[in-house]
Amino acid sequence: ALQCCPVLGSRPASSISRSFSARTPAVSRTGEARRRRLQQCRSQSAEGRSPGSSPPQLERLFSNVNKATMKHEPGSITGSVFLVAGTTVGAGILAIPAVTQEAGFLASAVTCVFCWTYMVVTGLLVAEVNVNTMCELGSGSVSLVSMAKRTLGTAGVRTVCFSYLFIHYALLVAYVARSSEILTNSLGIPLLESATLFSLAFGGLCYFGSQRVIGAVNGFLVFSIIASFTVLVVVASGNIQWSSLLETNFAAAPQSIPIIALSFVYQNVVPVLCTNLEGDLSKVRKAIVLGTAIPLALFLVWDAVILGTIPGFAESGTITDPLQQLRSSNGTVGPIVEAFSFLAIGTSYIGFVLGLTDFIADLLKLPSGQNKPLTYLVTLFPPLVLSLLDPEIFFKALDFAGTYGVLVLFGVFPAAMSWSERYSNDLEAPISPIVPGGKLTLSFVMGGALLVIFSEVFKDIMCSYKD
């Protein structure tokens, strides 16, 4: 199961260990040396197999070892599922009913399932490229920067860096702005104090907490989200007009794709998953599918409750806060709405902070696996300042990030990196593909994202021309 680990060194795979808090930096090698090691790896893994059989799927590439106790700490699938679910269930769920009101519930449900499938595929592509990059670089942790540099070159790195930073900072600004508003309303403290308290509490958890502590906190928050969501649905569903859920306008469904795609963003933590789960792609695949299935169910139920409960919501014609609409129409659900909103944003904030700090550490060439104050300062401080400068930035940040950022970084680029890795003569991929379909699947992923992006650009241009 560990035969591919000679790419990490000349030692047997069983002797290779890594501390989660102190990972070994990538070992520099020439391209020719890397190819020889990968060929050696493939030849070793081919031993004992019948001719024509497919390459075996590796169980893991390395072992996570606690530096203090020297004990093996394999990543938890349950904790990884909660990390994916917590990252996905964020601000997007608050906006889904607002952008699907014109399409109706049935059309929006079909769109949600389609976007979920699409985003699962792109997440698996990211995992596939990530593990192959770990094999080639000999590192237990690599980010999108290293993946893009290996597969797409300098131009790809620059585009990925810009898109990644733009999306993460935009969404972190939205999260801090909304959470500080909730804390101010609940505790009666100024926005400055509430925004600082939120950033320090959840940012401190990411900085000081081990993967087990963060996983446990994420699990508690996800269960709390489900509990508050259940209560909220039970209270609000008494006024559902079931006939309104049958109204359908499929022609209006495409305009909701950017926000729905934004709601399913979790790919930023896939490199973290691959490291925590020791490069075991079977575990990573399970964590991605199960971790995104939970938000899918929540999104569908939430959309049905809002579209079937709020009177006249479908005819409003403007994007408003659906939670505010629900609060104004049913005064008994106010505290539940605030708790659900805060928990949903908090779990997503943790995932985005973890992903962005790893990305910045890799971008600044800092030692991987070690929490550096600089990376957390650069991650937490700008969103805090921007959210205070414009407290009403929540919906603006969501709309802009979903339309022009998510589909580029987590739609086009995963397929482009996988295409380069699979079909380039200059790269080797020791891990067999986990996304089937070959060039047809990759073309569909890239083409679908580009179609939505260009259609949104054209719509914005036409709206500006009319104005």
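Thresholds applied
Residues numbered from 1 in each chain as written. Predicted model: local features only at pLDDT ≥ 70, side-chain atom pairs only at ≥ 80, totals over all residues. Heavy atoms only, no water. Phe/Tyr/Trp six-rings, centres within 6.5 Å; stacked < 30°, edge-to-face > 60°. Helix = DSSP H or I, 4+ residues; strand = E, 2+ residues; numbered from the N terminus. Buried < 20%, exposed > 50% of the residue type's maximum accessible area, 1.4 Å probe, protein only. Lys NZ or Arg CZ within 6 Å of the ring centre and 35° of its normal. Axes fitted to C-alpha atoms, helices over the stretch in contact; angles between N-to-C directions. Parallel < 35°, antiparallel > 145°, perpendicular 65-115°, else oblique. Left-handed = near helix turned anticlockwise from the far one by under 90°. Contact = heavy atoms within 4.5 Å. Nonpolar A, V, L, I, M, F, W, Y, C, P; charged D, E, K, R; others polar. Expected span 1.5 Å × (residues − 1). Polar contact = N/O pair within 3.5 Å; in protein donor to acceptor, adjacent residues only side chain to side chain. Lys, Arg positive; Asp, Glu negative; His and termini not counted. Salt bridge = Lys/Arg side-chain N within 4 Å of Asp/Glu carboxyl O.

1. Focus on the packing of aromatic side chains
Scanning the model with the defined rule gives 16 aromatic pairs in all. Aromatic side chains Phe114 and Phe444 sit 6.4 Å apart centroid to centroid with 90° between the ring planes, which places their arrangement in the edge-to-face category. Taken together, the residues Phe114 in helix H4 (residues 105-137) and Phe444 in helix H15 (residues 438-466) connect sequence positions 330 residues apart. Consider the rings of Phe264 and Phe299, whose centres lie 5.0 Å apart with planes at 70°: the pair is edge-to-face. In this pair, Phe264 is assigned in the loop between helix H8 (257-263) and helix H9 (270-276) and Phe299 in helix H10 (residues 281-309), connecting sequence segments 35 residues apart. A relative accessible area of 0% places Phe264 in the buried class. Phe299 gets classed as buried once you look at its relative accessible area, which sits at 0%. Following the ring pairs from residue to residue traces out a cluster consisting of Phe198, Phe202, Phe342 and Tyr349. Its end group placed over the ring of Tyr423, Lys439 keeps NZ or CZ at 4.9 Å from the ring centre.

2. Brief notes about the packing of helix H2 (residues 77-88) against H10
Across the interface, H2 lies against H10 with an axial gap of 8 Å and an inter-helix angle of 40°. With respect to H10, the element H2 is oriented oblique. Here H2 runs over H10; the crossing is right-handed. Side by side, H2 and H10 meet where Ile77, Ser80, Val81, Val84, Ala85 and Thr88 of the first sit next to Lys283, Lys286, Ala287, Ile288, Leu290, Gly291, Thr292, Ile294, Pro295 and Phe299 of the second. The class makeup of the residues in the contact of H2 with H10 is ten nonpolar, four polar and two charged.

3. Structural notes on the environment of Phe264
Sequence separation of Phe264 and Val89 is 175 residues, and the distance between their C-alpha atoms is 7.8 Å. Phe264 has contacts with Thr88, Cys112, Cys115, Trp116, Met119, Thr292, Leu296 and Phe299, leaving out every residue within four places of it along the chain.

4. Observations regarding helix H6 (residues 191-208)
Helix length check: H6 (18 residues) gives 25 Å between terminal C-alpha atoms against 26 Å at 1.5 Å per residue, within 8%. Taken together, the buried positions of H6 are occupied by Ser194, Ala195, Phe198, Ser199, Phe202, Gly203, Gly204, Leu205 and Cys206. Close packing links the buried residues of H6 with helix H5 (144-187), helix H7 (211-236), helix H12 (334-363) and helix H13 (373-389).

5. So, the side chain of Arg422
As for its position among the elements, Arg422 is in helix H14 (residues 394-423). Among the polar contacts listed, one links the side chain of Arg422 to the side chain of Glu128, at a separation of 3.1 Å. Discounting residues that sit within four places of it in the chain, Arg422 has contacts with Leu125, Glu128, Pro433, Val435, Gly438 and Leu442.

6. Comments concerning the side chain of Asp303
Within the secondary structure, Asp303 sits in helix H10. No salt bridge is formed by the buried Asp303. Its closest oppositely charged neighbour is Arg178, at 16 Å. A polar atom in the side chain of Asp303 sits 2.9 Å from the side chain of Thr100. Ignoring anything within four residues of it in the chain, the contact list for Asp303 reads Ile96, Pro97, Thr100, Phe105 and Ser108.

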